[in-house]
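Close look at the chain arrangement
Chain residues, written in single-letter form:
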Amino acid sequence: YGGMGLDFSYNIAVAEELGSIRCGGIPMAIGVQAGMATPALTRFGSDELKKQFLIPTIAGDFVACLGISEAGAGSDVANIKTTAVRKGDEYVINGGKMWTTSGCQADWMCLLANTREGPPHRNKSLICLPMNLPGIHIAKKIDKLGMRSSDTAQIFFEDVRVPSKNLIGEEGMGFTYQMFQFQEERLWGVATVLTPLETIIQETIDYTRQRKVFDRSVLHNQVVHFRLAELATELELLRSLLYRTVALYVEGNDVTKFASMAKLKAGRLAREVTDSCLQFWGGMGFTSEVLVSRLYRDLRLMSIGGGTDETMLSIICKSMETLPSK
């Protein structure tokens, strides 16, 4: 379908390298294309759907977005209210989506909607939804604290009709398919913060070495260089956890627990590194002229998007409860 046929570890290598871009919005937008809106289509979609949506997305001719979160259901995916009711050979979609990355410019959406009555984990489906259909209303581009180079949309659906053949895989399996997509999304997110955090630590070392306070460099203070050494150590531990998780995933293992641990740690470390380093930049760190202030805003999303820290903790707790006793 136009891809290179490589395993998921190459996605992570790309994601880590994209961290060299000096903002968070562009790596995130590429991540939506490569690892958030397309994995379920790639794994479960029909050949016809792949030709219609996946090929142009891989080629870069289509922009994809992921329609999961709603105003009343963010990390609580099971609680979404958007419906896609089957009528003949079509689904009629009503509802809305919130926090949709690339939603203002997307050509199609990987939409999660309730397609039938029943338990919340078995009544949802994923649908390839062209974004030029009648009844799709892009309400606004959301003004955000960070990731300001990324468009984030609020979208409403009013009697939107889409062919039933646009269903990805089996009806009622959408929640399960989305959980698969979440694993790749979270690992991509972890990979994209490694290089920025490494860059911030190094730039802070360089700045504090030349910045003098009370006739000596800021870096000369033990509290500063010890703190930077701690942060660098934590970052390498996160990198090791990511690589281990990816290796297990490529081998076909369920990495829900480890991916959740990595996502949790990445979000918290992103906040810790950017906050600590910004402090060492003093007043300059509070300006828009330096990278640390931008990443302080951009990387704050890591603890929220794709599942909050609290959601990751819940997943980790559940996985630990199933461990056999020694």
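Residues numbered from 1 in each chain as written. Predicted model: local features only at pLDDT ≥ 70, side-chain atom pairs only at ≥ 80, totals over all residues. Heavy atoms only, no water.

1. Some thoughts on the environment of Ala 78
Operational definition: In this description a helix means any DSSP run of H or I spanning at least four residues, a strand means any run of E spanning at least two, and both kinds are numbered starting from the N terminus. Burial classes: relative accessible area under 20% of the type maximum marks a residue as buried, over 50% as exposed, and values in between as partly exposed (1.4 Å probe, protein chains only). Contact between two residues is taken to exist if any of their heavy atoms lie within 4.5 Å; hydrogens are not considered.
By secondary structure assignment, the location of Ala 78 is in the loop between β1 (64–67) and β2 (83–87). Classification of Ala 78 by relative accessible area gives buried; the value is 19%. With 10 residues separating them in the primary sequence, Ala 78 and Ile 68 have C-alpha atoms 9.9 Å apart. Beyond its immediate stretch of four places on either side in the chain, Ala 78 contacts Pro 120, His 121, Lys 124 and Phe 175.

2. Some thoughts on helix α7 (residues 256–280)
Each turn of an α-helix holds 3.6 residues, which means side chains three or four residues apart point in the same direction. Quick reminder of the rule: Given a helix with a known number of residues, its expected span is that number minus one, times 1.5 Å.
If you check α7, its first and last C-alpha atoms are 36 Å apart, about what 25 residues at 1.5 Å a residue would give, namely 36 Å. Two residues or fewer past α7, Gly 282 is found with a positive phi of approximately 60°.

3. A short note on the packing of α7 against helix α9 (residues 309–321)
Stated formally: Axis lines are fitted through C-alpha atoms, for helices just across the contact stretch, and the angle between N-to-C directions can take any value from 0 to 180 degrees. The crossing is said to be left-handed when, going from far helix to near helix, the turn is anticlockwise and less than a right angle, and right-handed when the turn is clockwise. In this classification, the charged set is Asp, Glu, Lys and Arg, the nonpolar set is Ala, Val, Leu, Ile, Met, Phe, Trp, Tyr, Cys and Pro, and all remaining amino acids, among them Gly, are polar.
Relative orientation of the contacting elements α7 and α9 amounts to 145°, with a least axis distance of 9 Å. Where α7 crosses over α9, the handedness of that crossing is left-handed. In this structure, α7 uses Thr 256, Lys 257, Ser 260, Met 261, Lys 263, Leu 264, Arg 268 and Arg 271 to contact α9, whose residues at the interface are Asp 309, Met 312, Leu 313, Ile 315, Ile 316 and Ser 319. Of the residues assigned to the contact of α7 with α9, the class counts are 6 nonpolar, 3 polar and 5 charged.

4. Let's talk about helix α5 (residues 174–210)
The end-to-end C-alpha separation of α5 is 54 Å, in line with the 54 Å expected for 37 residues at 1.5 Å each. With 27 of 37 residues buried, α5 lies mostly within the body of the structure.

5. A word on the domain arrangement of the protein
Where we set the bar: Source of the domain bounds: an automatic or database domain assignment. The term buried area refers to how much accessible surface (probe radius 1.4 Å) is lost by two components on association, counted for both of them together. By salt bridge we mean one thing: a side-chain nitrogen of Lys or Arg within 4 Å of a carboxyl oxygen of Asp or Glu. Within 3.5 Å is the distance limit for a polar contact, defined as a pair of N or O atoms, with the added protein rule that one can donate a hydrogen and the other accept it, and that residues adjacent in sequence qualify only through two side-chain atoms.
Split into domains, the protein comes out as domain 1 (37–171) and domain 2 (176–320). A C-alpha centroid distance of 30 Å is found between domain 1 and domain 2. Contacts between the two partners involve 21 residues from domain 1 and, on the opposite side, 16 residues from domain 2. Taken over both partners, the interface formed by domain 1 and domain 2 buries close to 1,500 Å², and the fraction arising from carbon and sulfur atoms is 61%. Put simply, domain 1 and domain 2 have 1 salt bridge between them. Of the charged contacts, one joins Glu 184 and Arg 43 as a salt bridge, the two residues approaching to 3.9 Å between their closest N and O atoms. For the pair domain 1 and domain 2, the interface holds 6 residue pairs in polar contact (both at pLDDT 80 or more). In terms of residue count, helix α3 (residues 39–44) provides more of the side of domain 1 that touches domain 2 than any other element does, 5 residues in total. For the side of domain 1 that touches domain 2, the residue count by class is 13 nonpolar, 5 polar and 3 charged.

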